[in-house]
Each structure stands twice: as C-alpha cells, then as structure tokens.
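Residue strings, one per chain:
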Amino acid sequence: MTVTYSLDVASSSFFCLYKLLFRWKRTGFSRSVHNYFSFQGSIWKSVWAELVVWLCLYAVLSSIYRCLLTLGQRATFEDLCIFFDTYSNFIPITFMLGFYVSAVFTRWWQIFDNIGWIDTPCLWITQYIKGETERAKCVRRNCIRYSILTQAMVYRDVAASVRKRFPTFNHLVTAGLMTEKEMEEFESIPSPHAKYWQPMHWLFSMISLARDEGMISSDIIYVDLMEKMRQFRVNILSLTLYDWVPVPLVYTQVVHLAVRSYFLVALFGRQYLHPDNTRVPDYKTTIDLYIPIMSVLQFIFFIGWMKVAEVLLNPLGEDDDDFECNWILDRNLQVGLMVVDTAYNRYPTLEKDQFWE
Amino acid sequence: MTVTYSLDVASSSFFCLYKLLFRWKRTGFSRSVHNYFSFQGSIWKSVWAELVVWLCLYAVLSSIYRCLLTLGQRATFEDLCIFFDTYSNFIPITFMLGFYVSAVFTRWWQIFDNIGWIDTPCLWITQYIKGETERAKCVRRNCIRYSILTQAMVYRDVAASVRKRFPTFNHLVTAGLMTEKEMEEFESIPSPHAKYWQPMHWLFSMISLARDEGMISSDIIYVDLMEKMRQFRVNILSLTLYDWVPVPLVYTQVVHLAVRSYFLVALFGRQYLHPDNTRVPDYKTTIDLYIPIMSVLQFIFFIGWMKVAEVLLNPLGEDDDDFECNWILDRNLQVGLMVVDTAYNRYPTLEKDQFWE
Amino acid sequence: MTVTYSLDVASSSFFCLYKLLFRWKRTGFSRSVHNYFSFQGSIWKSVWAELVVWLCLYAVLSSIYRCLLTLGQRATFEDLCIFFDTYSNFIPITFMLGFYVSAVFTRWWQIFDNIGWIDTPCLWITQYIKGETERAKCVRRNCIRYSILTQAMVYRDVAASVRKRFPTFNHLVTAGLMTEKEMEEFESIPSPHAKYWQPMHWLFSMISLARDEGMISSDIIYVDLMEKMRQFRVNILSLTLYDWVPVPLVYTQVVHLAVRSYFLVALFGRQYLHPDNTRVPDYKTTIDLYIPIMSVLQFIFFIGWMKVAEVLLNPLGEDDDDFECNWILDRNLQVGLMVVDTAYNRYPTLEKDQFWE
Amino acid sequence: MTVTYSLDVASSSFFCLYKLLFRWKRTGFSRSVHNYFSFQGSIWKSVWAELVVWLCLYAVLSSIYRCLLTLGQRATFEDLCIFFDTYSNFIPITFMLGFYVSAVFTRWWQIFDNIGWIDTPCLWITQYIKGETERAKCVRRNCIRYSILTQAMVYRDVAASVRKRFPTFNHLVTAGLMTEKEMEEFESIPSPHAKYWQPMHWLFSMISLARDEGMISSDIIYVDLMEKMRQFRVNILSLTLYDWVPVPLVYTQVVHLAVRSYFLVALFGRQYLHPDNTRVPDYKTTIDLYIPIMSVLQFIFFIGWMKVAEVLLNPLGEDDDDFECNWILDRNLQVGLMVVDTAYNRYPTLEKDQFWE
Amino acid sequence: MTVTYSLDVASSSFFCLYKLLFRWKRTGFSRSVHNYFSFQGSIWKSVWAELVVWLCLYAVLSSIYRCLLTLGQRATFEDLCIFFDTYSNFIPITFMLGFYVSAVFTRWWQIFDNIGWIDTPCLWITQYIKGETERAKCVRRNCIRYSILTQAMVYRDVAASVRKRFPTFNHLVTAGLMTEKEMEEFESIPSPHAKYWQPMHWLFSMISLARDEGMISSDIIYVDLMEKMRQFRVNILSLTLYDWVPVPLVYTQVVHLAVRSYFLVALFGRQYLHPDNTRVPDYKTTIDLYIPIMSVLQFIFFIGWMKVAEVLLNPLGEDDDDFECNWILDRNLQVGLMVVDTAYNRYPTLEKDQFWE
C-alpha cells in the first residue's frame, strides 16, 4: 500500500515535519490525514525489529563484560573492542549506501512509470470504435477486458499480492477476466514460453475486426488506436523485464552485508569500557551511559537508509510503500468498462458558457 | 508563489550574489527587480524559526551549566557533552542530504514539466476546428473549458491552494468552469474512483462531433488533434500519480530525523565547557564566545539545505517556491478562450517585409 | 559569448591543458585559436576580484595582529583564530558544491537544448509550401519572420542582452521583425498575460492559409508542418518556464552563503600565529610564509567551482560562457529568409557521381 | 544467466535479506525459489578466489615476519608496514568506485533496453500483413526469420556465448535461421564492412512486396509497419555500438588498478606488528588476532563492489548476471513464428462478459 | 581510434582484469584480441609523461635537500615541506574529479548518440524511392551523397582528423563527395553563416522531386522519408552545437588546476625528511624509501582519473579513445551507396523455411 503524505507537507512550516516524523499509518488513495502515531511505511516500523535484536545482543555482551569476566578476560575483551572500534571505518557504508540508494531510487520510478493505466486506452476505444449495436459494444468491452487480462497475467508473475489472488489461470476465469471459451482458446496454443502476447493478440484482432466491419472509419484512426494499445502493452510488459533483470544480486549483497557487518562489529566496538589506564594509556574514557545512545541513533539512520533501498527494490511487493497492484487491476477494470460502455456517446448538450460575450 | 531571480544573476559579477543573499521577496511573473531585504523564498525565512528555538535551548542549557550546577553535576554534564561531541560524527547527514536533495530535485523538475499549459491545445483547436457559426465557436470554447476543468479537478486533489479555492465541485460550477447541466451529467455516472476522465471524455466527444459535422476537414487532422489533447491530459494526470506515490516516507523520515538528531546532540556537544584540566586532561579548551557561532553557521547551512528538500518535496503546496496553481488555472482559461474565440481567424494581411529584395 | 576550446583539446597531449589553463579570450564561432593570456571565460577572470579583496582583508588582519595588538589582545586574537580554525570543517562546502553544481549543470544543458534553431522549420517550409508566386513567397517569408518574432519576444524576457537591444516592442518593428500593421494587430487584442502565442497564431494561420490555397498539397503534409513548427515553439517557450522557475532560491543561497562564510572564517583561522607555547601547548607552529599560499589555492578552487555554478545558473545572461542570444536571432533571421526565398527550388541538376559504375 | 531474486524480497521483512545474503543459485526465468546456499551471481562467488590468494600472501608475509626475520630485518619490515599503513588513504578508491559503478550501472540498463524483443514486430506483422494463402504465410514467416537472423548476426559479434553457438555463418544456415539460397544471396554482395543491414533490407523488401501485392491494405499501415520494424532494428544495432565504444579503457584501468594497489599495499600495512616500543613510540599496539578480520571485511566489500562493475561492464558476456542471449534468440524465434503463423487470425468468438448488464 | 575490450571481459574471471590492466593497443572494429603490452588507450600511455616529469622534479628537490643544503637551509626546507604536507588536504580534488568526470562522461555518450549512421536513411531511401531508371538510381545515389556531404562538412568543423583530410571544400570535390557543378551551386549563395543546410536542402529537394515524378507513391511515404532524413540531419548538426558550447571553460580549468596544484605541492610535502627531533618534536619519521612510492600510486590514479575526463572532453579529437570520424565517413558512403544501388530490389526468392509444418 502506498503511503501518501503530500498534504502533510503542503507548506514547509515549522512543525509540519514533526508531524511527519511520528506518523505511522494512512491508507491508500484517500486524501484525509490521519496523523496519529501510526506504524505503516514509517522509519519506526522498518527499524524497530532489528534495533531490538541489536540492543539485546549489545546488552548481553555488556552484561558479560561487566559481571562475568575475570580481570584477564576483561583485558582481552577490551583489546578486542578497541581493535574493532579502531578499524570500523574500514567498512565504507556511507558511500555505498548513497550510490546504491540512488540507483535503486531511479529504477523504482522507472517501474512506476510503467505500471499501466487504462485511461488512455479506454478513452481512445470509446471514441474510435463507433457503433450502438450490441456487437460494437461487445468489441469495445472485450478490448478493455483483454487489456486488463494481460495486465493481470503480468502482475501474477511480478507481484506477490496478485499471485495470491490468482494462484492459477482458472482464478482469472472465475474473476470474470476471461471466459471459459477464451480459456480453452488460450490453452489450445501450447508454448514453452510465457504467453503474455495472446490476450494482446486477441485485442489487436478485435481492433482489426472493428476496422473490417467499419466500426473504425479509416486506416489512420485504426493505426493510431493500434499504437495507443501498443504503448499500454509495452509498459506492462516492461514490468516483466524489470522483474527478470533486477539490480544485480552482487550489488545488493555487497551493500546489505556491509551495513550488517558494520553493526556486528559495532556490537563490540561501541561497548563502554573501563580499562586499566596503565595498560591502555591512550584510551579516552567517556561517561558510561550503559545505553549506547549515539550508536542507536547511527543504527536507526543507517538501517533506515538501507530500508529505503529494500522497500524500493521490489516496488510490486507487499511493503507499505509498494504499489497496490490488486487495487490497480480493479480500478482499471471498473473505469475501463464504464468509459467504453456506460459513458459511450454520452456528453452534455452544447451550451454557451458563463464567459460568452 | 515562485520566486524568480534570473535577472539578478544576469551576469556573474562581483556583487550580484550579495544582492541575492539578502533578498526576501519578489512577486510572481513580473520582471521588475525588488531587491529590498525581503523574506520570501529566502534562506532566512526558512531557517530563522528553528534557529531561534535551537539557540534558546542552547542558552538554557548553557545558563544551567554556568550558574545552577554544583561541581559534581558540572563534571557529569561535561562528560555528557564531551561524549556527544566525540560521537556526533556518527550521524551521516552530509551524504544523506546530498543524495536526498539530489533525488528530490530531479522529481521536482519532472513535476514542473507536467504542470499543463493550454497553449498548444488552444492553438491547435483554433486551427483545426473551423467554422464561424455559433455552434463551431461553442465547440471550440467547450474544448478549452473541459481541459481547464480537468486541470482544476486534478489540482484540487494535489494542490492545497486550489483545494481551498474550490472546496466542492459546486465551486467549479460557480466559477464557470462547469455548467449546471454538466454537473448533472457528471454526477449521473457514479463511480468509486476519481472521475478525472469524464471532462476529458466530453472533450474527446466534442472533437469527434466536430469531425462528424465537418468542422475538422480530415481524419489525419482529427487524429493529430486527439493526440495533442491527450498529451495535455497525460501531463496533468501524471500530477495525480506524483501526488499518490511520493518519495517514500522512510527516506524523508530518515533524512529529517538524522538532521534533527544531529542538532539535538549538538545542543550538548557544542557547549563551551571549562572542565577541571586534571580531570579531563585531553580536553582542548578554546576561547569562550558564549554564542556558538560556528554551530550557528552549521545549523543555517544544514537546516537550509534540508529546507531545499522540504520546499521541493511538494512543489504544488503553498511554499514561496511552489508553483502558483491558481494563477496557472486563471491564465490557462483566459488565454485559452481568447485564442480559440477572439483570435480565431484573425491575422495580419499579407504584406512584404522590410528585407524583401 | 560562448568560449569554445575544443580544438585546444583535440588530443589529450602533455602540454595541451597547460595552454588551456592560461587562456583568457577567444571569440565566438570562429575556429582559430588565440592562445594568448586572455581573460574571458577563464577561472582567472572569475576569481581575481574576490581573491584580491580577501587577500587585502587578510593582510589587514595580519598587520594588526603583528604590529598593533598588545600581548593580551594577541592572546585573545590567537584564541579566536584557533577556534575558527578548529571548527571550520563544520561548514560542508565540498559536498554542497558538488551536488549543487551537478544539478545546475544538468539544467544548463536542458536550456541549451531549447535554444531554438530555425534550420528544421525553414527547410520544411521551403519544401512543403510550394509556389513561385509573390504571394507564396510572402507566406514563406512571413512564416520565418513570425518564428523569429516569437523568439525575439521570448528572448527579450529571458536574456538581458536582448532586452537591451529591444527595450520596447517598437524596437522590434524598427528592426523589421514586425511590420506596423502587425504591431497594430498585436495590440488590438488586450490580455493581462504575456502574448507569446500571438505571432505563433499568425504563423499557424499562414500555414492553414497555404493549405486552403493549395500551396500545401495534402493534409498529411500540413499536419507534419504544423508539428515541426510546434516543436520550435515549444522549445522557445520552455525558456520562459526555465526563467520563471529557476533553481530554488534557498538552494542557491545556502551554497553561496556557505562558501562565503567558510572563507570569512578562514580570514581568522588561516592567520600565521606565534602564540606563547606555554599558553597554547598543542598549537603546531609551522613556517611563517606571510602569504597564506595554501589558503589562496583553496580559495581559487572553491570560489572557482562556485563560479561554475554562477555562470551556468543563468545561461542566457551576459557572462562569457553564456549563449549569445542576439547572434542567434540574427543568424536565424538571415538563414531562415535565405533558405525559404533565395534557395527556394534551387538545387544542382541531376548528374552521375564519381563512384557510378 | 540472469539471477532473479525479486520474490525473495517481496516484502522487506526481518529475515528476507539474510536469505538473500546466503543465496548462491537460481535459474533463469522460472519463478520458484531455490534458497539453498548456491553460488551463482552472489558476492561469495565473485570474491572468494581473490580473497584466498590475498589471505595466502598475507599469511606468507606474516609467517616470514614472525618466524624468519632477524631483529634488524623485523625493524625494517615494521617501518615499511607502518609506512604503507600511514599512507594507504592516498588511494581514493571509495569515490572512484562510487562514480564508476554509477556510470557503468547506467550504461548496463541502456544496453538492456536495447536487447530486442520480437513481440511488437510479430503482433504487428500478424495484424498488418493479411492473407490465408501460402505466399502470405511465407512472407509473414520470412519477416520474423529475417528479424531473428539480424539479431543472431549482431549477437554473434557482441556476445561470446552466441559466437560459440554460431562460429560461422554456415551455422546460421544449419540452425534454420537462413536458407541456402539466402546464404548465397548474402555472399553475393561483397563489402568491407559488416553487413547487418542485409537481412533487414530483405525484411523491408518483404514488407514492400506485401504492400505491392495488396496484403497490406494501405500506405499508412505500410509506413507504420516499417517504423515498428525499424525500431526493432535500431535497438539491436545499438548493441554493436555499445560493444564498439565501451566505457573508456583508461577509466576501467584506473579504477581496477586503484583497488588492486590498495589491497597490495594493505598486505603490508595490515600486518599485526610487535615493534619495540622504545623504537616506535607512537605505534598503537592492538590485540593480535593473526587473521586480519577487519581487512578481510574491507576486502570483501571493496572487491565485491568492484565486481559489480565488472559484471555490469559487459552484460552480454557469460557472467551469472549477464543476459542469456541464446535463450533470447530461441524464445524470439519460437514466439515470433507462433504468433504470425499458428495464431494468425485466431481469436475467441465474441461473447458477452460476466459484467455485462 | 576507439579501443574496444569487450571480449576481454566477456566473463568476470579471476585473471581477466589483469589482462586488461597491461594492455596497450588493439585496433578499431576488428574483434580479435591482441593482449600484448600495447600502449594505446591505456592508463600507462596517459600518465607516463607527466609521471616522469614529476619524478624528475622530485628527484632534483630530494638531491638538493640531501646533498647541497646547509643545516639552516635544511631546517627551512623541512618547515616548508611540513607546511605543504599539513595543508595539502585543502585542495578538494577527489570530489571535484568525481563530479566533473561524471558530467563529462554523460556528455560524451550524448555526443556518441549523435554520431550519425547512414543505415536507416539508406534502407528507407531504397524502399521508398522506387524505379529502375537511371534517373531514379541517380536520385537515390544523390540522396546518400548529400547526406554524407553534410556529415563531412560538419565533421570538418568538429573533428581535427577530418579537417586534416579535407582542409578545403575543394578536397570534398576531389574525394567525390561533391561534383564541380554542386560546388558552383554551393558557392553561388553567399552567407555569413556556415551553410550546413545547403546539401540537406538539395537532399530534401531530391525527395520532393521524387514525389513529384511519382518515384514515391504517396504523401504519407514522402512525409515519413522526410522525417527519417531530418533525424539524421538533427543528429549530425547537434555535433556542431556540442562543439560550439563545450563544458564551461571555468569548470575544466578549476579541475585541472586543482589536480596540478595538488601534485606541485606534493613535490615538497612528500619529501622524505630527517629533521632534528628536538626542533620538530611532532614529526613522525617513517622509513626512507628514496622513491615516494605511495605518492607515485596516488599520482597515477588521480592523473589517470583526470585523463579520463581529458579524453572524453573532445570525443571527436585524435585520442586513442576518440571516435574514428574518417572511418565513419568512408563506411557511411560505402554502405549507403551499396544499399541504394547494388542492393536495390534484390532479395531472396520466397521459399519455405526449415520450421514450416
């Protein structure tokens, strides 16, 4: 579910961002503002689990150091911690995260641009395929249905939430996106490769049929309609490509491993130590706060930053900020059918406007 | 209101930027230069409130340290401050801000590119839909009106200032963007989803009508006009998408929280301390200026940098640098109607130019 | 005036860049290389004035410290300098400049892409609008003239140099870009908004006229010509948008203020001090060179880097690297009229080429 | 083989990334998840060989230092190590890698966008080239075949795996992509330059033939089909350009050399030393862990980061994350022929859908 | 000459990059791999000259310090060196280089995208301009020739190598790109501005002629051909714009000057010193290696990185990685004429393919 917060930041005032920092939940497309301490899509939700685990491990280590170790063991432990603290800057997480999040962010927008909205196709179909007969109406509705069917087939393979809704092609039939006969036709052409092209082929055939039967009045209109439907198709199909070729696994692994290692090392390096000053003369003693408050802040920001990338990595997944694929399918079907059928040939009668002189 | 300052920097001279640094206000589209110490859109306006709060808190802490604390409490306070000072570099605000502002800046331009200008549509309508009859004129005016109506509907949902102007659809009727009959027609088709498509559907129907009645002389012209109107529609509608799917909330939260935490920590870490040298032998005493002047500079630049992102995050909001949506609507309506009606078929009689040989 | 230096770097040899570093001036479109120690467009010109001011202030402070201050005052001054030196890294100029220059650079290229060249329009007009009659010739010439007129109107509002050349619309008439009658027609339609659209409206009307009178032989050619002229128009008009919505003022202010503050602070922090070693035991004495040579280098590079942004910020201004708007207007007019008039229907007679077998 | 892992990161949960970090293998386009400790496409595979070599060298040096050297030699060795350790930060690998990977990543996506899918061409051919005769079928099939033939010719030159499959043009004949007669025709026009254009020329000739013989019903459809085939051609041909002009060799060399030098220097600089404290009073002794654990982490992350660039540098090669060119060719041929032949004119009979009211 | 190395990195194996690092030369478009220690396009070639000069200067300074200076002079020299060493980090070369190379790299690709290939134009001409007569053949050949002529004219002004080949327009006539008559026609229209448009004007006139004489069968085909030729023209002409408006001189100067200053300062700052310990108590003595090995590495990487930018700055120059403009011209002419003449109307007779069922 996408988390929208534009109205919260309508003007950059003094307190608006504080509102934002403590938000947890607001649902979908609605415009009302729910500024209670919600959980969804916020940094708190992303980070809390890992932070708790990290703090527990830290506490365990700290307790062992403070209570259980003998003097000699403490010395070894202190040496180890100082060692890790000294060399923790060997792990270059800041830059890696910066460039990685930057790359993932760009890719995320490209995916969003290809999500596939039915609006242009349906407005075009309703204008270009003329006819009040039941057959013309049927052609128009089928064009929409085949578009959504393609979209549903693609979404099944790229979005986990849609896969759950339509585990098999039969579920598409049940949902009304395909008829029984179409299912038969679909299965009558066996292919080792995914057949995303088949409903689109039916759609293009519908358009050719409409041209042959004169519902489309000339070739130039026919070509233009084909082109608009192609753009819809290309957008949707590109989702399969983004899904097939993700950000290279090595890149993702390097960045995640680096951040995790950094904080694993920090478990030792950030312990409050009280070494014997004569043994470690250089050690700068600081106040012992028990809770490593600065490390906690650092943890929140770095893990939070990394979570940005995690959330963006698969925008068709089930995170709070992911695109709501099932909603898009339902909306496309409802709007598409309404425009080509209910709204066909309906428009207000011509009348002069207020500003007419 | 957009703050324009191009003419101030027409040439990169020695003093031009100093002029810029102390500007506060210049209104909209006018080209005259008001270089008085205005407030609008400048760094001063963005930062002053938070800076005052921060300085007050700093002063309170400083006063407590200097006047109220006992010697033992001072030692603890000093330890705490040194601790926060030492580890404040754990918070990686520089890079986060750099990459974040970079991402938000890109998005800001994309939104601006989709703001929707009526110029191409109205020039096209006036050339392509021919006819001196009242009916032809009515078709042309309606095409413009429906375009602006769509724009107003979209702006209502994405721009707070337009929402204020048109809190309900009835306000659109009152403003003359819709007639009563159109309002009835609009409401006669119920839909669970936003019906941005309906005025565009009427518009496309108008164009089809014009083609049917011969106002548009051939199919290729008809298709070209449909395409130009579609581009206008796609631009405007993309604003709803940018509004629906903002920069992920986690990203925004991480960056803002990091910057705020940094300066919260700095409240302690930047105190002028006078610790007992024997207790804290490493502490480098510096001159005590009472006002943390370097931290103030740092505060101005980092918070100012963050404000850049805040301002750009929702360019359709009500900040000084945001796009003036109501002005755009008014301008589009005025120019659109003028071009398709007043200017229709008016052009200078052919005559030889000065350079004719 | 744009400063071109491509031929100087035709091959990346050992000395070529040294040539480049000490160049000062080379004019416009000519290709000859003037490698004398010119001034124009080089780093030297951008930086010298500010550097001299900075060095003077430095010298004054240095003299005061060395000659005028009492021992007690010197101690205070030294403390102050050490304080500023220690915390000067609080101002994050490196990253800010990096990201800011990057953003401005991108925008600069986008503006350049929209500068508006008449070549495609005039080649299209001369092919598509046929006819040897004086009327046809007049239509062709007017199409060019109206294009340049629009460009001149837009340039007046975005480029200071063109504004100087045409302070009023009457200057456009005097320059022959508009006739008296057209000026009357232009003024006969009052509008509160800039009327960039009017000459373009005349242009599109000319094309429609040419189609009606059979100079353009078919609708598809007519539509293609309209489209090409529209692209020219959209390019030019986008300049007004770039001018209207600059890089947000806050961003520019933050960066400039940061760089200036940094060097203001450096006036103190970079003084050669000779503190009493017992008072400031940590102070690392270095050799006293009187001139802060490393700070000068730093000044040159950072201010020079910032100047890159300043120059790019308003590419239509009057800096050395800015685009020569007046030259573009003149060139467009000359080439445009020549192609549609002198060169109309002139081409070599068909003959076999050398490689014919 | 592309390594897909989208479903593993469907939602950004607590453990999902841990799954990812220890993945090694999952094959191609299939969607099932094999989360065993595979090797393919992961950071482990990329890094292990170099890490082992580096650790061996480190061990050898360490053993020599600890066991073989005399006291004087140890002192020299220690001085050398301290020298390398002190100045290792002279090598700016972090930024170089960041910017370099960023540039290579962008290029990698551009290549992927031009990989060439037959879907649009074949859907267009099947709609636009009409006719149930054997000749029409033959034209349609040849259009597809010539497209794939061009793709195969290009892939041969840019992808090592395809070169292996088709070492000579005769292998294309054997594979059925070319007939014997076409091979003769192909060879009958000698040219010093690669003749990627020839099969495309045949393809365009086929389309012209189809237009001449009335299989394509009008010029506008003919032009649209030409355009769609051209886009396919331009995509594929751009691969040869990307192959011809890679990321400049100097850039690649600088980055790789820098990273390798850094770790070569680290072989000395990261040794655990036990110098005589009186000789090197500043040396901070740390705990002796024998294995340079922090350096190993650093090695994994930097070499892993560099491996990202290496993998992306030639996306048509044979790395785990490279595009599977042979699979693409086979898939294109199978789908293309099926759509233009088997599926020609097949679509479900019109019937009312579920939602019909 | 472009240096291609894709096949060397076909798979990211253990040794492949080592091969790359020691490559020096491989010629142009050929695919064979010459992995000898060549020189061309590699980092070694770029850096060696400057490195030798730098090392010589270093050696001279080092010798003077070690042999010639008196004890007092040595102390001054040592102070100077320590001063330069301490403040060398004032020069921010890492970031400047990063952002600068990034900007130049992007521009380099844009130039490459506009290099101008004749393939699409010639394939289009051969399909669209029909006729077996000598006149038709002549029209087709002239269209190609005029395209290449424009390209040659543009290349003469932007690429030094082409300028050398065609120092005057007469050389274009001698080379057969222009006939004598065309040269006369070209010179008969005087203009103060470059007349790149003239051969394109002839080309468009040829196409119009072909349409008038019926070689092109309909207006839609005519318009499509005009458009394809226009794209070729726009690509090529954009090269003159990239040449006219380079990366701003200030930017280039700032970066180069910064890098050079840095290493000038390093001549002093990186000397091995043996100061009297009592005079400079803080100085960390390191082992004296005589050759400043870490500085040499740093020199190689930074100068090498800068060389990347130098090479990319003028991609049409004569560096090893620059585009081979003369080869492109020859190739375009040969392929263009072959496709429109030799290959005209030649294609294999229709026959069933292997997979026909």
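The model shown is predicted, which means the values in this text are computed figures rather than measured ones.

(A) Spotlight on the overall build of chain A. Counting its regular elements, chain A contains 14 helices and zero strands. A burial count over chain A gives 66% of its 357 residues as buried. Carbon and sulfur atoms make up 60% of the accessible area of chain A, which totals about 12,000 Å².

(B) Broad picture of a nonpolar patch on the surface. Residues and elements named next belong to chain A. A cluster of nonpolar residues, Val60, Ile64 and Leu68, forms a patch on the protein surface that exposes about 270 Å² of accessible area. Among the structural elements, Val60 can be located in helix α2 (residues 43-68). You can call Val60 partly exposed: its relative accessible area is 48%.

(C) Structural context of the interface of chain D and chain A. Facing the 95 residues of chain D at the interface are 94 residues of chain A. Of the roughly 8,900 Å² buried at the junction of chain D and chain A (both faces included), carbon and sulfur atoms supply 71%. Connecting chain D to chain A are five salt bridges. Of the charged contacts in the structure, one is a salt bridge between Glu227 of chain A and Lys228 of chain D, with a shortest N-O distance of 2.8 Å. The interface formed by chain D and chain A contains 17 residue pairs in polar contact (both at pLDDT 80 or more). Listed by contribution, the elements that provide at least two residues to the side of chain D that touches chain A are α1 (16-21), α2 (43-68), α4 (93-113), α5 (119-128), α11 (219-244), α13 (293-313) and α14 (325-342) of chain D.

(D) Structural view of the packing of helix α5 (residues 119-128) of chain C against helix α11 (residues 219-244) of chain C. Residues and elements named next belong to chain C. Their axes nearest at 9 Å, the elements α5 and α11 cross at an angle of 160°. Comparing the axis directions of α5 and α11 gives the class roughly antiparallel. Crossing hand, α5 versus α11: left-handed. Seen from α5, the contacting residues are Thr120, Pro121, Trp124, Ile125 and Tyr128; seen from α11, they are Ile221, Asp224, Leu225, Lys228, Met229 and Phe232.

(E) Quick look at the relation of the copies chain D and chain A. The operation relating chain D to chain A is a screw motion whose rotation component is 72°, with 0.0 Å of axial translation and a residual RMSD of 0.0 Å. In short, the pair behaves as if placed about a five-fold rotation axis. Ranked by how close their C-alpha atoms come to the rotation axis, the residues of chain D are headed by Ile220 of chain D, at 5.5 Å. In this assembly the copies use different faces: only 3% of the residues contributing to the interface of chain D also contribute to that of chain A.

(F) Quick look at the packing of helix α13 (residues 293-313) of chain C against helix α12 (residues 249-269) of chain E. Close contact between α13 of chain C and α12 of chain E brings their axes to 9 Å; oriented N to C, the two are set at 160°. With respect to each other, α13 of chain C and α12 of chain E are oriented roughly antiparallel. Crossing of α13 of chain C over α12 of chain E shows left-handed handedness. For the pair α13 of chain C and α12 of chain E, the contacting residues are Met294, Leu297, Phe301, Gly304, Trp305 and Val308 of chain C in the first and Val250, Tyr251, Val254, Leu257, Ala258, Ser261 and Val265 of chain E in the second. Its residues assigned to classes, the contact of α13 of chain C with α12 of chain E comprises 11 nonpolar, two polar and no charged.

(G) How the structure looks around the pattern of salt bridges. All names here are of chain E. Inspection of every chain in the model, using the stated rule, returns 95 salt bridges over all chains. Across the pair Lys307 and Glu50 runs a salt bridge, and its minimum N-O distance is 3.0 Å. With a gap of 257 residues between them, Lys307 in helix α13 (residues 293-313) and Glu50 in helix α2 (residues 43-68) connect regions that are remote in the sequence. The class for Lys307 is buried, based on a relative accessible area of 2%. Using a relative accessible area of 5% as the deciding quantity, one classes Glu50 as buried.

(H) Expanded view of the packing of aromatic side chains. Residue and element names in this part refer to chain A. Under the definition given, this model contains 155 aromatic pairs over all chains. On the basis of an interplanar angle of 85° and a centroid distance of 5.2 Å, the ring pair of Phe169 and Phe186 is categorised as edge-to-face. Here Phe169, found in helix α8 (residues 169-174), pairs with Phe186, found in helix α9 (residues 180-188); they are 17 residues apart in sequence, far enough to count as distant. Of note, Arg140 hangs over the ring of Tyr344, and the distance from its end group to the ring centre comes to 3.6 Å.

(I) Representation of helix α9 (residues 180-188) of chain B. Residue and element names in this part refer to chain B. Among the residues of α9, Glu182, Met183, Glu185 and Phe186 are the ones counted as buried. Viewed end-on, α9 has its buried residues packed into an arc of 165°, placing them on one side of the element. Set apart from the buried face of α9 by more than 90 degrees, the exposed residues are Glu180, Glu184 and Glu187. The inward-facing, buried residues of α9 contact α6 (134-158), α8 (169-174) and α10 (197-212).

(J) Spotlight on helix α14 (residues 325-342) of chain E. With 18 residues, α14 of chain E should cover 26 Å at 1.5 Å per step; its first-to-last C-alpha distance of 25 Å lies within 8% of that length. Among the 18 residues of α14 of chain E, 13 are classified as buried, and the element is accordingly described as predominantly covered.

(K) Inspection of unusual backbone geometry at higher detail. Despite not being glycine, Asn345 of chain A shows a phi value in the positive range, around 65°. Under the relative-accessibility criterion, Asn345 of chain A is labelled partly exposed at 42%.

(L) View of the environment of Thr278 of chain E. All names here are of chain E. If you trace the backbone, Thr278 turns up in the loop between α12 and α13. According to the relative accessible area criterion, Thr278 is exposed, its value standing at 70%. For the pair Thr278 and Lys137, spaced 141 residues apart in sequence, the C-alpha separation works out to 92 Å.

(M) Local environment of the state of the cysteines. Residue and element names in this part refer to chain E. Here the structure, examined in full by the defined rule, presents zero disulfides over all chains. Not engaged in a disulfide, the cysteine Cys122 finds its nearest cysteine sulfur in Cys143; these two sulfurs lie 11 Å apart. The buried category is assigned to Cys122, whose relative accessible area is 0%. The thiol of Cys143 is unpaired, and the distance to the nearest cysteine sulfur, on Cys138, comes to 9.9 Å. Residue classification places Cys143 among the buried residues on the basis of a relative accessible area of 0%.

(N) Representation of the side chain of Ser205 of chain C in the model. Structurally, Ser205 of chain C can be placed in helix α10 (residues 197-212). You can call Ser205 of chain C buried: its relative accessible area is 5%. A polar contact is formed between the side chain of Ser205 of chain C and the backbone oxygen of His201 of chain C, at a distance of 2.8 Å. When sequence neighbours within four positions are dropped, the list of residues in contact with Ser205 of chain C reads Gln127 and Tyr347 of chain B.

(O) Structural context of the environment of Gly131 of chain A. All names here are of chain A. Checked against the element boundaries, Gly131 lands in the loop between α5 (119-128) and α6 (134-158). Here Gly131 falls in the partly exposed class, since its relative accessible area comes to 21%. Here the alpha-carbon distance between Gly131 and Tyr283, two residues 152 residues apart in the chain, equals 87 Å. Aside from chain neighbours lying at most four places away, what touches Gly131 is Ala136, Arg140 and Tyr344.

(P) Local environment of the confidence of the model for chain A. On average, chain A scores 84 in pLDDT, and the residues at 70 or more come to 87%. Predicted confidence for residues 23-38 of chain A stays below pLDDT 50, and this span has 54 contacts to residues more than four positions away or in other chains.

Quick notes on the rules
Residues numbered from 1 in each chain as written. Chains lettered and ligands numbered in written order. Predicted model: local features only at pLDDT ≥ 70, side-chain atom pairs only at ≥ 80, totals over all residues. Heavy atoms only, no water. Helix = DSSP H or I, 4+ residues; strand = E, 2+ residues; numbered from the N terminus. Buried < 20%, exposed > 50% of the residue type's maximum accessible area, 1.4 Å probe, protein only. Areas by Shrake-Rupley, 256 points an atom, 1.4 Å probe, with all protein chains shown as cover. Patch = residues over 30% accessible without salt bridge, like charges linked within 9 Å, V, L, I, M, F, W, Y side chains within 5 Å. Salt bridge = Lys/Arg side-chain N within 4 Å of Asp/Glu carboxyl O. Contact = heavy atoms within 4.5 Å. Buried area = accessible area lost by both parts, 1.4 Å probe. Polar contact = N/O pair within 3.5 Å; in protein donor to acceptor, adjacent residues only side chain to side chain. Axes fitted to C-alpha atoms, helices over the stretch in contact; angles between N-to-C directions. Parallel < 35°, antiparallel > 145°, perpendicular 65-115°, else oblique. Left-handed = near helix turned anticlockwise from the far one by under 90°. Least-squares fit on C-alpha atoms with pLDDT ≥ 70 in both. Nonpolar A, V, L, I, M, F, W, Y, C, P; charged D, E, K, R; others polar. Phe/Tyr/Trp six-rings, centres within 6.5 Å; stacked < 30°, edge-to-face > 60°. Lys NZ or Arg CZ within 6 Å of the ring centre and 35° of its normal. Arc of directions from axis to C-beta. Expected span 1.5 Å × (residues − 1). Disulfide = S-S within 2.5 Å. pLDDT = per-residue confidence, 0-100.

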